[in-house]
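Next come the chains, spelled out residue by residue.
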Amino acid sequence: MGGKLGDFIHSLIVCKRIYEKTGKKAILYISNIGDIFERPLEFTHAELKPILENQEWLSEFKIHQGELVDICLNDYRNSPHLYKTNWINIYFQSFLNETPPKEYNWIEMPKNREFENSLIVNRAIHRYGPMSPPVIESYRQIMSEFSERYFVCFDQHQYDNFELKSEFDLILVSNLYEYFEIINSAKLFIGNQTGPYAWASAMNVPRVLEIFRYGGNIALDGIHYLTDNQYYKNFSII
């Protein structure tokens, strides 16, 4: 499988399900196919390794060096289900030919009790731009239920451009493992259509998606999220 990181994590649902059905653990290869990762491949592999080594369904995790593979997860890009249904359906129908189970997660991580009552937010600014007044109001309604609120990110530029930053404490994480663990520990996570939200989905964290709108209308790829409530009770959108 290739990048980007959100797509990579989404695709691993196939590995877990095959393990559940056959008992066969995955030898997983990472590669810059389909799309490239934002950081160098070797760096991304090293960051993901301690996370993936926690997964029961994994045998080995390697950088692809031309080895033959049984399944190229990047083939989801050619799926006839793309832009027609949600991500969980796309992967289950494209690779497994079955209906997904409900409340399904495919990444297991420990929890940090420090954040068990917390609202955790990450909001990427590329593509989205400034928050609209209705979106700000939706955030405020959710925020009113939490006294512990944190904005988590690698890049402080995200926090600096977050309109509600004065009401959130900043957590600058140093590695992916810490990032995943904090999200997994949240009472509720809010994100937009970027990697951290994909990670929250993979761990089935209670979550709210700020969906991308263009000119007031939900963007075409919004269909990949809109119907997640078919399978998850702890999902909503703003």
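Residues numbered from 1 in each chain as written. Predicted model: local features only at pLDDT ≥ 70, side-chain atom pairs only at ≥ 80, totals over all residues. Heavy atoms only, no water.

Draft legend 1. Structural view of the pattern of salt bridges. Summed over all chains, the structure comprises eleven salt bridges. We note a salt bridge from K62 to E60, for which the minimum N-O separation is 3.2 Å. For E167, the salt bridge goes to R140, with nearest N and O atoms at 2.6 Å. Taken together, the residues E167 in the loop between α6 (156–160) and β5 (169–172) and R140 in helix α5 (residues 133–143) connect sequence positions 27 residues apart. On the basis of relative accessible area, E167 is assigned to the partly exposed category, the value being 27%. Relative accessible area serves as the criterion here: at 37%, R140 is assigned to the partly exposed category. (Salt bridge = Lys/Arg side-chain N within 4 Å of Asp/Glu carboxyl O. Helix = DSSP H or I, 4+ residues; strand = E, 2+ residues; numbered from the N terminus. Buried < 20%, exposed > 50% of the residue type's maximum accessible area, 1.4 Å probe, protein only.)

Draft legend 2. Seen up close, helix α4 (residues 87–96). The element α4 is largely enclosed, with a buried count of seven among its ten residues. Burial in α4 covers these residues: W87, I88, N89, I90, Y91, F92 and L96.

Draft legend 3. Quick look at the sheet that holds strand β10 (residues 235–237). Pairing within the open sheet is parallel, and its six strands lie in the order β5-β4-β3-β6-β7-β10. Both outer strands of the open sheet, β5 and β10, are each paired with one neighbouring strand and no more. With direction set aside, neighbouring strand axes in the sheet form an average angle of 25°. (Pairing = 2+ DSSP bridges. Axes fitted to C-alpha atoms, helices over the stretch in contact; angles between N-to-C directions.)

Draft legend 4. Representation of a nonpolar patch on the surface in the model. Together, I218, L226 and I237 make up an exposed nonpolar region whose accessible area comes to about 190 Å². For I237, the position within the fold is in strand β10. The class of I237 is partly exposed, set by a relative accessible area of 31%. (Patch = residues over 30% accessible without salt bridge, like charges linked within 9 Å, V, L, I, M, F, W, Y side chains within 5 Å. Areas by Shrake-Rupley, 256 points an atom, 1.4 Å probe, with all protein chains shown as cover.)

Draft legend 5. The side chain of N74, seen in detail. Position of N74 among the secondary structure elements: in the loop between β2 (58–63) and α4. By relative accessible area, N74 is classed as buried at 12%. Here R77 takes part through its side chain, which lies 2.6 Å from a polar atom of the side chain of N74. When residues no more than four places from it in sequence are discounted, the contact partners of N74 are M1, I33 and G34. (Polar contact = N/O pair within 3.5 Å; in protein donor to acceptor, adjacent residues only side chain to side chain. Contact = heavy atoms within 4.5 Å.)

Draft legend 6. The arrangement of the nonpolar core in detail. Counting 78 residues, the largest nonpolar core has F8, I9, L12, L52, I107, Y139 and W199 as its most contacted members. Those residues in contact with W199 that lie beyond four places of it in its chain are L5, I9, L176, Y179, F180 and I183. (Core = buried A, V, L, I, M, F, W, Y, C linked by side-chain atoms within 4.5 Å.)

Draft legend 7. Focus on the packing of aromatic side chains. Applying the stated criterion to the full structure yields 16 aromatic pairs. Considering the side-chain rings of F92 and Y104, the 5.8 Å spacing of their centres and the 85° angle between planes classify their relative orientation as edge-to-face. Taken together, the positions of F92 in helix α4 and Y104 in the loop between α4 and β3 (119–122) put the pair twelve residues apart, joining distant regions of the chain. In this structure an aromatic cluster arises from ring pairing among Y139, F151, Y159, F162 and F168. K16 extends its terminal NZ or CZ atom over the ring of Y104, reaching a point 5.0 Å from the ring centre. The ring of F168 has R149 sitting right over it, with the charged end atom 5.9 Å from the ring centre. (Phe/Tyr/Trp six-rings, centres within 6.5 Å; stacked < 30°, edge-to-face > 60°. Lys NZ or Arg CZ within 6 Å of the ring centre and 35° of its normal.)

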